[in-house]
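Listed below, chain by chain, are the residues.
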Amino acid sequence: MKTYLIDGYNLLRRAPQYAEWEQQLSREHARDKVEDDLSGLTALKGLCIILVWDGPAPGSKRSQRRKGILTIRYSGGRSADQVLKQYLLQKGGDVVLVTDDADIIKTAQLEDREFRTCQNFYTYVHGLVHGDQTNRVGKYREEPLSDAEVDYWRELFRAGKKPRDRKSTRLN
């Protein structure tokens, strides 16, 4: 089973619904709503999620707690980035990092770990709950474009030149 290791404030600020909550509510209320949302998702779909927040736990000295089967971890005196990197270096098994932080993503890549951007994760879980809609809205891809795709897009956007028919361009 995959364990999703989530950079809490990064997800809160980058995923559209969560960012909206932070703007409309206090940061604490928005954080609680994200925790409730992810806790419901873990219960509904059986996902294993570790959510990491920067700073100390509000009103508690404990650095970790559970909400249902969701594990919530607070970084305490360290940054959430440091805690996430520690998990990536120590945790065995199938770990998927969820963040937009390039430095943490680099650590995941060096450790040969899978990662998702916050928007991609939000789209993924939204699809789990509401049905896969990638055919309607387009599929997000983490991998870079192939050389053939780059050449196609360069030609397409070259000023004053009509691009070749897309059917004649072979994309790998």
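Because the structure is predicted, anything quoted here is derived from the model rather than measured.

Q: Which residues make up the pattern of salt bridges, and what values go with them?
A: Under the criterion given, the structure shown has eight salt bridges. E22 is paired through a salt bridge with R27; the nearest N and O atoms lie 3.6 Å apart. Residue classification places R27 among the partly exposed positions, given a relative accessible area of 39%.

Q: Explain the sheet that holds strand β6 (residues 114-116) to me, and be specific about the residues and the numbers.
A: If you walk across this open sheet you meet the six strands as β3-β4-β2-β1-β5-β6, and the pairing is mixed. Taken across any chain shown, the strands that pair with only one partner, and hence form the sheet edges, are β3 (64-67) and β6. When strand polarity is set aside, the average angle formed by the axes of neighbouring strands in this sheet is 25°. Alignment of strand β5 (residues 95-98) against β6, held across three bridges, turns out to be parallel. Bridge assignment links V98 to a residue of β6, and that residue is R116.

Q: Describe the environment of V125, listing the residues and the values that go with them.
A: For V125, the location among the structural elements is in helix α6 (residues 118-130). For V125 and L38, which are 87 residues apart along the polypeptide, the C-alpha to C-alpha distance reads 9.2 Å. Non-local contacts of V125, meaning those with residues more than four positions away in its chain, are made with L41 and L47.

Q: If you had to explain the packing of aromatic side chains to someone new, which residues and values would you point to?
A: What the rule picks out here adds up to five aromatic pairs. Geometrically, the ring pair formed by Y18 and Y122 is edge-to-face, given 5.5 Å between the ring centres and 80° between the ring planes. Of the two residues, Y18 is situated in helix α2 (residues 16-24) and Y122 in helix α6; the sequence distance between them amounts to 104 residues. Note on accessibility: Y18 and Y122 belong to one class, buried. Members of the aromatic cluster, connected to one another through ring pairs, are Y4, F121 and Y124. Over the aromatic face of Y9 sits the side chain of R27, whose NZ or CZ is 5.3 Å from the ring centroid. Its guanidinium or amino end placed over the ring of W53, R31 lies 5.8 Å from that ring's centre, counting from NZ or CZ.

Conventions and cut-offs
Residues numbered from 1 in each chain as written. Predicted model: local features only at pLDDT ≥ 70, side-chain atom pairs only at ≥ 80, totals over all residues. Heavy atoms only, no water. Salt bridge = Lys/Arg side-chain N within 4 Å of Asp/Glu carboxyl O. Buried < 20%, exposed > 50% of the residue type's maximum accessible area, 1.4 Å probe, protein only. Pairing = 2+ DSSP bridges. Helix = DSSP H or I, 4+ residues; strand = E, 2+ residues; numbered from the N terminus. Axes fitted to C-alpha atoms, helices over the stretch in contact; angles between N-to-C directions. Contact = heavy atoms within 4.5 Å. Phe/Tyr/Trp six-rings, centres within 6.5 Å; stacked < 30°, edge-to-face > 60°. Lys NZ or Arg CZ within 6 Å of the ring centre and 35° of its normal.

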